Amino acid sequence: MKLFIPGPTYVREEVLMQMTKPLIGHRTKDASVLQKNITENMKQVFMTENMVLCSTSSGCGLMEGAIRSCTSSKAAVFSIGSFGNKWHKIGISNGLDVDLYKVELGETIDANFVDEVLKKNDYDFVAITHNETSTGVVTPIEEIAEVMKKYGNIVWAVDAVSSAGGMKIETDELGIDILITSTQKCLALPPGMAFCTFSEKAIERAKTVENRGNYFDLLSLYNDILKRDYQYPNTPNISLMYAAEYQLNHMVNEEGLEDRFNRHREMAEYVRNWALENFALFPKDVKYASDTVTCVLNNKNLDIGNLNRELAKRGMTISNGYGDLKDKTFRIAHMGDLTMDDIKELLENIDEIRGGL
Ligand SMILES: Cc1ncc(COP(=O)(O)O)c(C=O)c1O
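Quantities reported herein were computed from a predicted structural model and do not represent experimental measurements. (Residues numbered from 1 in each chain as written. Predicted model: local features only at pLDDT ≥ 70, side-chain atom pairs only at ≥ 80, totals over all residues. Heavy atoms only, no water.)

With that out of the way, let us pick up the overall build of the protein. Across its full length, the protein carries 13 helices and 15 strands. A compact globule built from 357 residues would reach a C-alpha radius of gyration of about 21 Å, and the protein, at 20 Å, matches this within 12%. Principal-axis analysis of the C-alpha atoms gives the protein an extent of 60 × 55 × 35 Å. The buried share of the protein, reckoned over its 357 residues, is 60%. The long-range share in the protein, meaning contacts at least 24 apart out of those at least 6 apart in sequence, stands at 72%. Counting every atom, the protein has about 14,400 Å² of accessible surface; 47% of that belongs to carbon and sulfur. Counting 39 positive and 51 negative side-chain charges, the protein places the averaged centre of each group 4 Å from the other. (Helix = DSSP H or I, 4+ residues; strand = E, 2+ residues; numbered from the N terminus. Rg over C-alpha atoms; globule rule 2.2 N^0.38 Å. Buried < 20%, exposed > 50% of the residue type's maximum accessible area, 1.4 Å probe, protein only. Contact = heavy atoms within 4.5 Å. Areas by Shrake-Rupley, 256 points an atom, 1.4 Å probe, with all protein chains shown as cover. Lys, Arg positive; Asp, Glu negative; His and termini not counted. Charge placed at Lys NZ, Arg CZ, Asp CG, Glu CD.)

Next up, the structure:
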């Protein structure tokens, strides 16, 4: 089954095969080398000189780690959909003082709005979603970065779970302190691990936070990397690390990151044009439509369940709308290792099925 859902995404056979390698001990020299190779290539994906932390969990683990480890007084979450709302919930359930600012679904966050909010409040942690998978909308992080530069005391964390590795995000250039992603999206790996950057500012902040929890304490992950030569406090998913080492080498040294970002953009443009010809886009402004997932407004009342059943017979699957957007929208992912040929084949099949429904 070819997955055109926004995670987990299609994983190439040769990447999956890496996971069948015999295991090694996680306290061996080979484990350090494995981890270091992953870190060095992830630094390129994230475009950072800062340390990259690796967690055997999905992305939400590091979202929890970020807000809990680096909020010492009060946090703000700017949400453009379900995953931003989730970050707020994570903060609240950790007993933190967190305010939520959200927009109507389909819209993005305006940088001036962020500035207005930060001017009037005294936050020391800000969380923003880069690519909202539920609505297919991106936030203008370049513009928001200009605002964030004015607030030197704030640790800025960005959820790039469904965009890093598929869209260019210049972490250091933008001044992002913690950029988070998961393996099962644009990195085209199986689910089960997550990565984040960790800036000097974030490190210094975490040192001042008393209750950082344990498993997702970012400072403890960071300290262990220094103390134990790229090893971690707990037993990591070694099999997935083999696959990550292999896949990241392919992304950085074989395909090349610029080509990878271009491929994502070209696939996105193709799907957007198809959506505009046949339906409409859910994002209010095409300028903020995602390059990794297109959220299509189902203005033709197409039976998405039926469509997916027919697609499954042809070995493909797409996603229904997320949460309240179920059946009102549907989503086509064009992320990871999918190609333009895959996308064309999918859309031709959808057209054919629609013709017969
Ligand atoms: C934008 C975004 N943030 C966060 C998450 C949660 O990530 P994970 O499932 O890896 O915990 C997802 C998952 O789909 C997502 O799309």
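Turning to the site of the ligand, a few remarks are in order. Close to the ligand lie 13 residues, the nearest being Ser-58, Thr-133, Asp-159, Ser-182 and Lys-185. Here Gly-59 contributes a backbone N or O atom positioned 2.8 Å from an oxygen atom of the ligand. Cys-60 places a main-chain nitrogen or oxygen 2.9 Å from an oxygen atom of the ligand. Burial of the ligand by the protein amounts to 88% of the accessible area it has alone, namely 390 Å². With three residues, helix 3 (residues 59–70) is the single largest residue contributor to the shell around the ligand. (Near = heavy atom within 4 Å. Polar contact = N/O pair within 3.5 Å; in protein donor to acceptor, adjacent residues only side chain to side chain.)

Ranked by size, the top nonpolar core spans 88 residues in total, and within it Phe-78, Trp-156, Ile-178 and Phe-198 carry the most contacts. Broken down by element, this core gets its largest block of residues, nine residues, from helix 10 (residues 238–255). Two domains share this core, each providing at least three of its residues, namely domain 1 (22–253) and domain 2 (256–356). For Phe-78, the contacting residues outside a window of four places in its chain are Tyr-101, Ile-109, Phe-113, Val-114, Val-117, Leu-118, Val-126, Ala-127, Ile-128 and Thr-129. Membership of the second largest hydrophobic core comes to 22 residues, among which are Phe-279, Leu-302, Ile-332 and Leu-338. (Core = buried A, V, L, I, M, F, W, Y, C linked by side-chain atoms within 4.5 Å. Domains from an automatic or database assignment.)

Whether parallel or antiparallel, the strands of a sheet pair through hydrogen bonds between backbone atoms. Spatial strand order, 11-12-15-14: four strands in an open sheet with antiparallel pairing. Of all strands in the sheet, those bounded by a partner on one side alone are strand 11 (280–281) and strand 14 (319–320). Pairing geometry for strand 12 (residues 293–297) and strand 15 (residues 329–333), over five bridges, is antiparallel. Residue pairing across strands places Val-296 opposite Phe-330, the latter belonging to strand 15. (Pairing = 2+ DSSP bridges.)

A few words on the pattern of salt bridges. A full pass over the atoms with the stated rule returns 24 salt bridges. With a shortest N-O distance of 3.4 Å, Glu-14 and Arg-12 are connected by a salt bridge. Residues Lys-201 and Asp-177 are paired through a salt bridge, measuring 3.9 Å at the closest nitrogen-oxygen approach. Residue Lys-201 is located in helix 8 (residues 200–208), and its partner Asp-177 is located in the loop between helix 7 (171–174) and strand 9 (178–182); the two are separated by 24 residues in the primary sequence. Judged by relative accessible area, Asp-177 falls into the buried class, the value being 5%. Salt bridges linked by common partners bring Arg-12, Glu-14, Glu-255, Arg-260, Arg-263 and Asp-337 together as one network. (Salt bridge = Lys/Arg side-chain N within 4 Å of Asp/Glu carboxyl O.)

Per the UniProt record, "binding site: substrate" (unreviewed entry) is found at Arg-331. Among the secondary structure elements, Arg-331 is positioned in strand 15. Looking at Arg-331, the relative accessible area reads 6%, which means it is buried. (UniProt positions renumbered as here; feature names shortened; annotations may be inferred.)

Moving on to helix 3. A rise of 1.5 Å per residue sets the reference length of helix 3, with its twelve residues, at 16 Å; its end C-alpha atoms lie 17 Å apart and thus fit the reference within 8%. In terms of burial, helix 3 is a largely internal element, nine of the twelve residues being buried. Three or more residues of helix 3 are buried, namely Gly-59, Gly-61, Leu-62, Met-63, Gly-65, Ala-66, Ile-67, Ser-69 and Cys-70. (Expected span 1.5 Å × (residues − 1).)

A negative phi angle is the norm for most residues apart from glycine, just as the trans form is the norm for most peptide bonds. Of the consecutive residues Gly-7 and Pro-8, the connecting peptide bond is found in the cis state with omega at -5°. The topology assignment puts Pro-8 in the loop between strand 1 (2–3) and helix 1 (13–17).

Turning our eyes to something else, we now look at the UniProt feature "domain: Aminotransferase class V" (unreviewed entry) in the protein. If you check UniProt for "domain: Aminotransferase class V" (unreviewed entry), the listed places come out as residues 85–321 in our numbering. Measuring from the first to the last C-alpha atom of residues 85–321 gives 16 Å, for a span that is 42% helix and 17% strand.

Looking now at the packing of helix 5 (residues 111–120) against helix 6 (residues 141–148). It is at 8 Å that the axes of helix 5 and helix 6 come closest, and there the two elements cross at 25°. Considering their axes alone, helix 5 and helix 6 lie roughly parallel with respect to each other. With respect to the hand of their crossing, helix 5 and helix 6 are arranged in right-handed fashion. Seen from helix 5, the contacting residues are Ala-111, Val-114, Asp-115 and Leu-118; seen from helix 6, they are Glu-143, Ile-144, Val-147 and Met-148. Classifying every residue of the contact of helix 5 with helix 6 gives six nonpolar, no polar and two charged. (Axes fitted to C-alpha atoms, helices over the stretch in contact; angles between N-to-C directions. Parallel < 35°, antiparallel > 145°, perpendicular 65-115°, else oblique. Left-handed = near helix turned anticlockwise from the far one by under 90°. Nonpolar A, V, L, I, M, F, W, Y, C, P; charged D, E, K, R; others polar.)

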